[in-house]
Amino acid sequence: MIAPAHAQARVGGQVEARLKTLPVLTATLRESQNLIGAACGYIVVIGLLVGLLLPAFKTLNLQAYMTGSLGAMIGGTQPSPGTTLFAIYMALELYGSFFMLLFGGVLAYAAGSSIARNIEDTTIDLTLARDISRVRLYIEKWAAILIAATIIVATAIATTWVCTLIFQSASLTWRWFLLANVDVGATMFVIAGAGMLVSAVMSSGRSAGGIAVLVVVFWYLCQTFGAAGDRLSFLKYLGPYSYAPSSQVILSGQWLDPWRLLVPVAAGLIFGLAGLVYFQRRDITA
Amino acid sequence: MSTRQPVIEVNHLIKTYGGARPVKAVRDISFAVQLGEIFGFLGPNGAGKTTTIRCMLDVIRPTAGTIRVLGLDARKDGLAIHRRIGYIPGDVRLPGDLTAKQFLDRCSRMAGLEPVLLKRLLTRFEVPLDRKLKSFSKGMRQMTAIVQAFMCDPELVILDEPTSGLDPLGQRSFNEFLIDEAERGLTVFMSSHILSEVEHTCHRVAVIRSGALVAVEAIDRLRERAGQVVIVDFDDAVQESWLRAVTGVQAVEHNHDGTFHLKVAGSIDPVVKELARHTIRRLAIEEAPLEDVFMKFYGGEAEQ
């Protein structure tokens, strides 16, 4: 068989162009929707339960609990006199270092598996064989994870707002509550960056997600043991929570040293950009 | 790109995977694919076919050597190349939570191009657009991958075992489609295990074994190389040793029905003249299967 001698080169650019509309970002959000949905569902349930059980909580000796080592570890500080019971419980249940562990863990898994899963199932080949550069793919994935983080934080804010509307005794000082969410945002930013770095390096979705979660668990343990005693207090500074102590803002009614937020934000950027550089250079092999 | 310039030009490509025990996946291969050509890339499993293809797409980076696709450097101008090509991966995995329609739309968005050939492709390849991809059989997934590769009217398609999972009807339909598209100026680079497919579709083939090219030849030349098979039934007694001594006869097989199968290389004329010394009851001459040639290459008996 002989190649057709009359074959004419097809001229590129004849096909009508169309808008790309962030295909990787939307695909990543779609891939992690179950995980993020579950986290948001959990937030809604916890928030509503706190509001619902608030009358029963009034009978508990909360002050004793908060001055105990466990309460201090979770909340990071004792509540100031003006803090409402609802604010205290929200700080403990949603905004303590648990938030970082639970919802940060979810975000870490989503970020960690975001690229590695596509490498593992080889669907990344189809993406990179199209008009999508590695840089664009990475940035869109990162943006998707940050949107997921925003969704989680927004759900917590919305749930709290709904609680204040539904339950009579559910009240808090919005100023401190919203500033606490800025802290949470900074923590989620560094988690997203770390997760992206892990995902850029690895080629197996579950392993990468698992390792990213382990990083968050390590940070949580550093915070917990660092808060437990003076001799181990240096451990606190290894994780992001001590730089962005969200529950402390709600409990103490003050936002101490906001410049410290730059630490997790800068770390998140460094992790994320390191992942980008590595991903740009690596061989993509499952 | 001028029409005389090769559409794909691979020069001294070497790919070694790192690690404690480096693996040389591709060892200094060079070949070129011309415009409008259907170029087959053959080799056994692990020969380096997919590695070569993924280097062309800049998914993995060569250890040494250069690749030019559509006149552009595969490493530096990857995006400009990707806008003009279609690709089917070897192991087609599709996002199961999407319908075929959503998936094809996503592919078109990622390409930034309208799927101008989509309707025409769907008349040829049956893809149930509204069904989720997770419910698709392997053959249906392959059809979907074929559609996504061709729908934006590419200038070049790079296909890694494109008919894997298709039934014989689907394979035939796809091969006919490829030939039609090559007539329209499409250049096709395809790896395959299916020798009959390559034989009937490709203009030229490269055979790769253990990372090294063992042959790059036109199919017609390979056919010549394969030679012919003469099936002869004599009325009188003929010794097998006498047949082996006939000029041009490479191998003789004596079948249980009394016929001899002679494998002949080169001209058939001296063989027929020699056989005519005996009384022949039946004589048939057939082309030898190309499979034999490929098996030689695969087995390493070919001239390097």
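In this text, all values refer to a predicted model and were calculated from it rather than measured experimentally.

Trainee: Requested: an account of the overall build of chain A, with residues and values cited.
Mentor: Helix and strand counts for chain A come out as twelve helices and zero strands. Listing the helices and strands of chain A from first to last along the sequence gives α-α-α-α-α-α-α-α-α-α-α-α. Counting the 286 residues in chain A, one finds 49% classified as buried. Considering only contacts within chain A whose residues lie at least 6 apart along the sequence, 83% involve residues at least 24 apart.

Trainee: Tell me about the overall build of chain B, and name the residues and values.
Mentor: Helices and strands together make up the secondary structure of chain B, namely eleven helices and 14 strands. Along the first, second and third principal axes, the C-alpha set of chain B runs to 75 × 45 × 40 Å. Counting across all 304 residues of chain B, residues that qualify as buried make up 42%.

Trainee: Tell me about the interface of chain B and chain A, residues and numbers included.
Mentor: Accessible area lost during the coming together of the parts is what is often quoted as the interface size. With 41 residues of chain B at the contact, the number on the chain A side is 33 residues. Elements with a minimum of two residues in the side of chain B that touches chain A: α2 (78–82), α3 (100–111), α6 (168–183) and α8 (219–226) of chain B. Top element by residues in the side of chain B that touches chain A is α3 of chain B. It accounts for six residues. Of the residues contributing to the side of chain B that touches chain A, the split by class is 19 nonpolar, eight polar and 14 charged.

Trainee: Could you give me a rundown of the domain arrangement of chain B, with the residues and numbers involved?
Mentor: One can read the domain layout of chain B as domain 1 (8–223) and domain 2 (228–287). For domain 1 of chain B and domain 2 of chain B, the distance between their C-alpha centroids amounts to 43 Å.

Trainee: Any details on the sheet that holds strand β8 (residues 187–192) of chain B? Residues and values, ideally.
Mentor: Residues and elements named next belong to chain B. Here we have six strands laid out as an open sheet, ordered β6-β7-β8-β3-β9-β10, and mixed in their pairing. Since the sheet does not close on itself, it has two edges, and those belong to β6 (85–88) and β10 (212–218), each with one partner. Shown here is a sheet whose adjacent strand axes are inclined to one another by a mean of 15 degrees, direction ignored. Here strand β7 (residues 156–160) pairs with β8 via five bridges, running parallel. Residue pairing across strands places isoleucine 158 opposite phenylalanine 189, the latter belonging to β8. Sheet strands in contact with helix α1 (residues 49–56) are β3 (38–42), β7, β8 and β9 (204–209), and its direction is about 150 degrees off that of β7.

Trainee: So what about the packing of helix α8 (residues 134–166) of chain A against helix α12 (residues 262–281) of chain A? Which residues, and what values?
Mentor: Residue and element names in this part refer to chain A. For the pair α8 and α12, the least separation of the axes is 9 Å and the interaxial angle reads 150 degrees. The two elements α8 and α12 cross, and the hand of that crossing is right-handed. On α12, the residues that touch Arg134, Val135, Tyr138 and Trp142 of α8 are Gly272, Leu276, Phe279 and Gln280.

Trainee: Quick rundown of the pairing of β8 of chain B? Include the residues and the values.
Mentor: All names here are of chain B. For β8, a buried count of six out of six residues is recorded, marking the element as mostly surrounded by other parts of the structure. Neither face of β8 is exposed, since Thr187, Phe189 and Ser191 on one face and Val188, Met190 and Ser192 on the opposite face are all buried. The pairing of β3 with β8 spans five bridges and is classified as parallel. Along β8, the bridge assignment pairs isoleucine 38 with valine 188. Assessed by its sense of winding, the connection that carries the chain from β7 through α6 to β8 is right-handed.

Trainee: A description of the nonpolar core should follow, citing residues and the corresponding values.
Mentor: Membership of the largest hydrophobic core comes to 160 residues, with the highest contact counts inside it found for Leu107, Ile145, Ile152 and Ala192 of chain A. For alanine 192 of chain A, the contacting residues outside a window of four places in its chain are Leu107, Ala111, Trp142, Ile145, Leu146, Ala149 and Gly268 of chain A. In terms of nonpolar packing, the next biggest core, distinct from the first, is built from seven residues, Leu243, Val249, Val264 and Val271 of chain B among them.

Trainee: Could you give an account of the confidence of the model for chain A, naming the residues involved and the relevant values?
Mentor: Averaged over every residue, the pLDDT of chain A is 87; residues scoring 70 or more account for 89%. Taken element by element, the predicted model of chain A shows its lowest mean pLDDT in helix α4 (residues 69–75) of chain A (57) and its highest in α12 of chain A (97).

Trainee: So what's going on with the sheet that holds strand β4 (residues 64–69) of chain B? Which residues, and what values?
Mentor: All names here are of chain B. Taking strand neighbours across the sheet as the criterion, the four strands line up as β2-β1-β4-β5 in an open arrangement whose pairing is antiparallel. Edge positions in the sheet fall to β2 (23–33) and β5 (72–73), since each has one partner strand and no second. Looking at chain direction, strand β1 (residues 8–17) and β2 are connected through seven bridges and run antiparallel. Residue glutamate 9 lies in a different strand from β2, and its bridge partner there is alanine 32. The strands touched by α1 are β1, β2 and β4; relative to β1, the strand with the most contacts, the crossing angle is about 115 degrees.

Trainee: Tell me about helix α9 (residues 174–201) of chain A, and please be specific about residues and values.
Mentor: When the terminal C-alpha atoms of α9 of chain A are compared, their 41 Å separation across 28 residues agrees well with the 40 Å that a helix rising 1.5 Å per residue should span. Counting buried positions along α9 of chain A yields 21 of 28 residues, so the element is predominantly enclosed.

Trainee: I'd like to hear about the confidence of the model for chain B, residue by residue, with values.
Mentor: Per-residue confidence for chain B averages 90 on the pLDDT scale, and 97% of its residues sit at or above 70. Scoring the predicted complex yields pTM 0.87 and, for the interface, ipTM 0.82.

Trainee: Residues and numbers for the environment of valine 232 of chain B, please.
Mentor: Among the structural elements, valine 232 of chain B can be located in strand β11 (residues 228–234). The residues contacting valine 232 of chain B, other than those within four sequence positions of it, are Thr259, Phe260, Leu262, Leu275, Ile280 and Leu283 of chain B.

Trainee: Describe the packing of α8 of chain A against α9 of chain A, listing the residues and the values that go with them.
Mentor: All names here are of chain A. Contact geometry of α8 with α9 gives a least axis separation of 10 Å together with a crossing angle of 150 degrees. The angle between α8 and α9 places the two elements in the roughly antiparallel class. Our pair here, α8 against α9, has a crossing hand that is right-handed. Contacts between α8 and α9 involve Tyr138, Lys141, Trp142, Ile145, Leu146, Ala149, Val153, Ile157 and Thr160 from the former and Phe177, Asn181, Val184, Gly185, Met188, Ala192, Gly195, Met196 and Ala200 from the latter. Of the residues in the contact of α8 with α9, the class split is 13 nonpolar, four polar and one charged.

Trainee: Would you mind going over unusual backbone geometry in detail, with residue names and values included?
Mentor: Residues and elements named next belong to chain A. Of note in this structure, leucine 22 is not a glycine but carries a positive phi near 45 degrees. Looking at the element boundaries, leucine 22 is found in the segment before α1 (23–31). Despite not being glycine, threonine 122 has its phi angle at roughly 65 degrees, a positive value. Locating threonine 122 in the fold gives a position in the loop between α6 (97–120) and α7 (123–128).

Trainee: Help me get a handle on the environment of serine 191 of chain B, residues and values and all.
Mentor: All names here are of chain B. Looking at the element boundaries, serine 191 is found in strand β8. Once the C-alpha coordinates of serine 191 and lysine 263 are considered, the two residues, 72 residues apart in sequence, prove to be 29 Å apart. Not counting the four nearest positions on each side in its chain, serine 191 is found in contact with Phe41, Lys49, Ile53, Asp160 and Glu161.

Cut-offs and rules
- Residues numbered from 1 in each chain as written.
- Chains lettered and ligands numbered in written order.
- Predicted model: local features only at pLDDT ≥ 70, side-chain atom pairs only at ≥ 80, totals over all residues.
- Helix = DSSP H or I, 4+ residues; strand = E, 2+ residues; numbered from the N terminus.
- Buried ≥ 20, exposed ≤ 12 C-beta atoms within 10 Å, placed from the backbone.
- Contact = placed C-beta atoms within 7 Å.
- Nonpolar A, V, L, I, M, F, W, Y, C, P; charged D, E, K, R; others polar.
- Domains from an automatic or database assignment.
- Pairing = 2+ DSSP bridges.
- Axes fitted to C-alpha atoms, helices over the stretch in contact; angles between N-to-C directions.
- Left-handed = near helix turned anticlockwise from the far one by under 90°.
- Right-handed = clockwise from strand over helix to strand, strands pointing away.
- Core = buried A, V, L, I, M, F, W, Y, C linked by C-beta atoms within 7 Å.
- pLDDT = per-residue confidence, 0-100.
- Expected span 1.5 Å × (residues − 1).
- Parallel < 35°, antiparallel > 145°, perpendicular 65-115°, else oblique.

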